Each structure stands twice: as structure tokens, then as C-alpha cells.
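Structural characterization, general
Listed here are the chains, written in short residue letters.
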Amino acid sequence: MGLLRRKKKAAEPAASALPAFEIKPTAFSKAEGQGVLIAARQLPGYATALGLIGAAIASRADRILMDFTANAAVIRFRIDGVWENNPPLDRPTGDGALVVIKKLLNMNPNERKARQIGKCAIAGVGSDWLVECTSQGVAAGERVLLTLDPKKPVHKTLDDLGMRPALQEKFREAMNAKGGMVVLSAPAGDGLPTTWRVGLEAADKFVSDWVSLEPANDADPDIINVTANLFDAAAGQLPQEVLNKVMLKQPDVLVMPQFYNDQVMQTLLDAIKTDNKHVITRIIAKDPIEALLQLLSANRKVAKELLMAIEFVTSQRLVRRLCDTCKQPFAPSPQMLQKLGIPPGRVEKLYQPYILPPPEKRADEKGNAILPCPTCGGRGYFGRVAIFEMLTVNDDLRKAVLQFAKEPDKIRQYAKKLGHLSFQEEAVLSVALGITSVQELQRVMTAKT
């Protein structure tokens with residue numbers, strides 16, 4: 001039902017072939033869903049809608065953005081965190097595709113101004129996706145965002161995340177410690193939920209009792225051997241009430257996606273200080289120093305006590321991984337090595353993405369066509385990895401935080417004197433190892449966070 005199959009053109013790389021998949025309207029009963037699919041297939045925009053989704057899946061996109069203006073529907077895909085323009089659709093064609101998408105996701109096709117959210121599932125060959133659609137009227141017309149998330153996690157281990165072995169050892173030691181607080185952080189959109197899940201799954205939870213405290217209406221996916229304790233705020237249940245009951249069972253590790261209120265924070269700090277409990281939390285921040293200062297600023301009444309409790313802070317940024325099939329080696333100049341901080345003679349070659357020549361030059365001396373890489377589709381990159389920055393908070397650093405609380409750059413400078421490697425220094429290691437490129441590092445470093 002709802003299958004889309006299209007033969008690949010002979011001159012196109014395998015990556016451009018549209019996959020077979022099946023739309024499953026999840027907002028309906030099974031019988032209703034079949035009826036919705038049958039009705040949708042009769043609509044003129046059905047082939048366009050499924051072709052759009054199929055092209056996104058084939059190109060590894062995780063977002064589809066449709067911007068409707070007076071005359072057209074501008075289409076963009078987000079691939080490996082970077083938005084790419086697609087050929088626009090004329091307005092009638094775009095409207096027809098949107099009608100199909102909204103019907104399949106149980107949204108109102110006639111509503112073009114008010115915000116709407118709908119969901120469905122996609123069953124594909126070897127992989128399934130959850131699709132969420134958000135539509136909202138804007139000054140120019142309407143903006144529609146489709147999010148395609150795989151049902152099964154793609155990243156399952158610290159290796160999958162891109163964490164190098166030395167940092168894995170450091171990270172596991174911090175996660176498995178007794179007493180103190182560990183903080184995981186990242187800028188918004190840089191993979192914190194994934195690292196949170198993988199990091200918790202990588203910790204040793206078999207010899208200690210791990211529990212979490214979460215709101216019932218916004219709980220994280222289950223983690224093996226972490227007992228979730230939910231509070232229902234809509235029913236008047238306070239997080240402190242649930243936490244008090246949890247503490248009676250004497251857990252070893254408390255997983256806290258957030259702290260909720262002052263009472264919860266004080267209970268946790270007391271448990272760390274008097275009972276050697278371990279607390280793991282997370283926060284959106286651009287680097288470990290900002291994460292540390294944000295937590296202290298949000299908890300001014302207990303800032304000094306909290307600073308004494310925090311022992312380890314991580315942060316990360318996502319970078320595109322060079323395609324192993326087509327990446328190009330080159331000999332870096334002495335000036336480039338100096339700028340990267342790599343000693344002369346340490347690295348003989350770096351790598352950069354392969355860039356297709358302009359269309360008029362895509363043939364070799366014999367007239368054979370120069371085709372895009374079949375693995376990455378000519379982008380030069382395939383997938384993303386995280387660059388991790390890990391900060392050990394010791395007494396020397398705590399003194400610097402107290403002294404320069406309003407001057408984070410001075411704290412960063414002091415941390416560097418203590419041997420801390422910044423994101424940029426960690427990223428240079430990834431460049432030297434051929435994981436990513438200098439161009440990608442520059443792009444990420446100059447991006448707004």
C-alpha cells in the first residue's frame with residue numbers, strides 16, 4: 001500500500017535511486033488509515049508528495065522545508081546538517097502535494113494560517129521512519145517543515161558518536177564515578193539528546209541502582225537499567241514529592257534531565273554531600289564553561305555548593321564526516337599547519353572533500369562522463385560525528401570560576417593552562433586523522449550558536 005518505486009536512470013549514481021516505502025497514517029485506526037491511503041492515491045498531488053519524501057530519504061535528508069509564496073513552493077532538504085536547495089514546484093503542484101501530506105498526517109488541508117502538527121510513519125526497506133509535519137502561516141504564505149527521524153537509533157555506541165578512545169575512557173570514568181555531578185551539554189541542534197541516550201547506555205548500570213526523575217508528559221525514551229520515575233504536573237503532582245519517595249529507596253545514581261525547582265536541587269546537593277550520590281544532568285550551552293556558568297547563574301542561592309558538586313562537564317559540536325570513498329589527500333602548507341597548531345613534520349597529508357567540476361567540464365580526456373560519488377552523491381561528506389570537549393572541574397578551576405564568574409574567557413584561558421583541550425583543539429585532531437576537513441571546521445567554528 002502506498003508504495004513508490006522508480007527506476008534509476010542509467011547515468012545517475014546509486015544514491016539517487018528513489019526507495020520503495022509505505023506510508024502508515026498513525027493518527028487513524030487501521031481501517032480508517034486504509035481509507036485515507038485509498039483516498040490520497042486518487043488525488044493529483046499524490047505522486048509529487050511521495051516523490052518528494054522518497055527523494056529526501058534517498059539523499060539521507062532528515063528535514064524537508066517547503067516555503068509557499070504567491071507563485072511557487074521553494075523546497076529545501078537538510079542533509080548532514082546543511083540545507084540544500086531543490087528545484088522549486090509551481091504553486092498548483094506544491095499545493096497538491098501539501099494537500100496529500102496533510103491528509104495522510106490528519107491535518108486540515110484548508111487551514112493555511114494557524115499552526116498545525118501531524119504525524120505518521122514510513123516503512124521502508126531495511127529502515128523505518130517517524131514523520132512529523134509542522135505547518136504555519138507566515139507573511140509570504142505558509143511554511144511547512146517535515147522531520148524524518150529513524151525509528152531505530154542510528155548511533156548506538158560512543159564510537160558511533162565519534163568519541164575518540166582516550167575521551168571514551170575519561171567519559172566512562174566520570175559517568176561511573178561515585179558522588180559528584182556530571183553535566184552533558186551542547187548547543188541546540190548539535191546532538192545532545194543522542195549523546196544523552198548513548199552516554200547513559202554506555203555507563204555501567206549493573207552494579208549500582210540508577211533512577212531518573214521526569215515529567216510524565218515529556219519523558220525521555222526508556223534506557224535499560226535506568227528506572228524512570230514520573231511526576232504528573234497536570235494532576236498537581238510535584239517533582240519533589242516523587243523525588244522524596246525515590247530517595248527512600250537509596251538509589252546510587254540520579255539521572256536528571258533538568259532540576260525543576262530549588263527544592264529538588266537542594267535535595268540532590270544534600271544527597272551528593274552526605275550520601276555520596278551521583279547526579280547526571282544536561283543543559284543547552286555552547287561549551288563546558290558556558291554550561292557551568294549557566295547552571296550556577298540559574299541556582300544562585302546554592303551556587304557555591306553546586307560548584308563544589310560539579311566534577312565533570314562535556315560539550316560537543318557536530319561536524320560533517322568526509323566521505324571515505326571520494327575524499328582527496330593533499331600536502332598541507334607550513335602556513336596551514338602553523339595556523340592549525342600542528343607541529344611541522346607531524347602530519348604529511350590532510351584530506352579535503354572532492355568537488356565536482358562545473359557541468360561543462362564533467363568529462364575526462366576520453367569523453368567519459370565524470371559522475372558524482374555514488375556514496376555521498378557528490379557532496380564530499382557522508383554523515384556527521386561529534387567533536388567532544390571535556391572539562392574536569394577541580395579545586396583550581398573552581399577558584400577561577402569564583403574569581404572570574406563574569407569573565408568566561410578568562411576561565412577558558414585558565415582551564416587551558418590546566419591542560420584542558422578546547423573544541424578547536426579537539427577538532428584539529430579530527431582534521432589530522434582525516435575524519436573531517438579544514439573547510440568543515442571553519443564552517444562550524446564561524447556558525448552562530
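Refer to the preceding data block for the structure.
The present account deals with the structure reproduced in this document. Everything numeric in this text was worked out from a predicted model, so none of it was measured. (Residues numbered from 1 in each chain as written. Predicted model: local features only at pLDDT ≥ 70, side-chain atom pairs only at ≥ 80, totals over all residues. Heavy atoms only, no water.)

A word on the overall build of the protein chain
Regarding its fold elements, the protein chain presents 15 helices and 16 strands. Overall, the C-alpha framework of the protein chain stretches about 65 × 65 × 45 Å when taken along its three principal axes. A buried classification covers 45% of the 449 residues belonging to the protein chain. Total accessible area on the protein chain stands at roughly 23,500 Å², and carbon and sulfur atoms take up 53% of it. If the 59 positive side-chain charges of the protein chain are averaged to one point and the 49 negative ones to another, these points end up 5 Å apart. (Helix = DSSP H or I, 4+ residues; strand = E, 2+ residues; numbered from the N terminus. Buried < 20%, exposed > 50% of the residue type's maximum accessible area, 1.4 Å probe, protein only. Areas by Shrake-Rupley, 256 points an atom, 1.4 Å probe, with all protein chains shown as cover. Lys, Arg positive; Asp, Glu negative; His and termini not counted. Charge placed at Lys NZ, Arg CZ, Asp CG, Glu CD.)

Some points on the packing of helix α7 (residues 239-247) against helix α8 (residues 262-275)
In the contact formed by α7 and α8, the axes pass within 9 Å of each other and the chain directions differ by 20 degrees. Relative to α8, the element α7 lies roughly parallel. In this structure, α7 crosses over α8, and the sense of that crossing is left-handed. Contacts between α7 and α8 pair P239, Q240, L243 and M247 from the former with Q263, V264, T267 and A271 from the latter. Each residue belonging to the contact of α7 with α8 can be placed in one class, and the counts come to five nonpolar, three polar and no charged. (Axes fitted to C-alpha atoms, helices over the stretch in contact; angles between N-to-C directions. Parallel < 35°, antiparallel > 145°, perpendicular 65-115°, else oblique. Left-handed = near helix turned anticlockwise from the far one by under 90°. Contact = heavy atoms within 4.5 Å. Nonpolar A, V, L, I, M, F, W, Y, C, P; charged D, E, K, R; others polar.)

As for the sheet that holds strand β16 (residues 381-392)
Read across the sheet, seven strands follow the order β10-β9-β11-β12-β8-β13-β16 without closing on themselves; strand pairing throughout is mixed. Across the chains shown, the open sheet's two edge strands, defined by having one partner strand only, are β10 (226-231) and β16. Strand-to-strand twist of the sheet, defined as the mean angle between neighbouring strand axes without regard to direction, takes the value 20 degrees. Alignment of strand β11 (residues 253-256) against strand β12 (residues 278-284), held across four bridges, turns out to be parallel. Each residue of the ladder has a partner; that of L254, found in β12, is V279. On the sheet, helix α6 (residues 192-202) packs against β8 (180-186), β9 (210-215), β11, β12, β13 (310-322) and β16 and is oriented at approximately 165 degrees with respect to β12. Each of β9, β10 and β11 touches α7; the most contacted strand, β10, lies at about 145 degrees to it. (Pairing = 2+ DSSP bridges.)

Observations regarding unusual backbone geometry
Even without being a glycine, N225 presents a positive backbone phi close to 65 degrees. With respect to the helices and strands, the residue N225 is situated in the loop between β9 and β10. Residue N276 is not a glycine yet carries a positive backbone phi of 60 degrees. Within the fold, N276 resides in the loop between α8 and β12. With a relative accessible area of 44%, N276 lands in the partly exposed category.

A look at the packing of aromatic side chains
Overall, the coordinates contain one aromatic pair when judged by the stated rule. Note that R76 overlies the ring of W83, its terminal NZ or CZ placed 5.2 Å from the centroid. The cationic tip of R112 hangs over the ring face of F68; the distance from NZ or CZ to the ring centre is 5.1 Å. (Phe/Tyr/Trp six-rings, centres within 6.5 Å; stacked < 30°, edge-to-face > 60°. Lys NZ or Arg CZ within 6 Å of the ring centre and 35° of its normal.)

So, helix α5 (residues 165-175)
Residues of α5 that are buried: L167, Q168, F171, A174 and M175. Angularly, the buried residues of α5 cover 130 degrees about the axis, an arc narrow enough to put them on a single face. Opposite the buried face of α5, at more than 90 degrees from it, the exposed residues are P165, E169 and E173. (Arc of directions from axis to C-beta.)

Examining the packing of helix α12 (residues 395-403) against helix α13 (residues 408-417)
At their nearest, the axes of α12 and α13 sit 9 Å apart, and the two run at 165 degrees to each other. Judged by the angle between their axes, α12 and α13 are roughly antiparallel. Where α12 crosses over α13, the handedness of that crossing is right-handed. Of the residues in α13, those in contact with D396, L397, A400 and V401 of α12 are I411, Y414 and A415. Of the residues in the contact of α12 with α13, the class split is six nonpolar, no polar and one charged.

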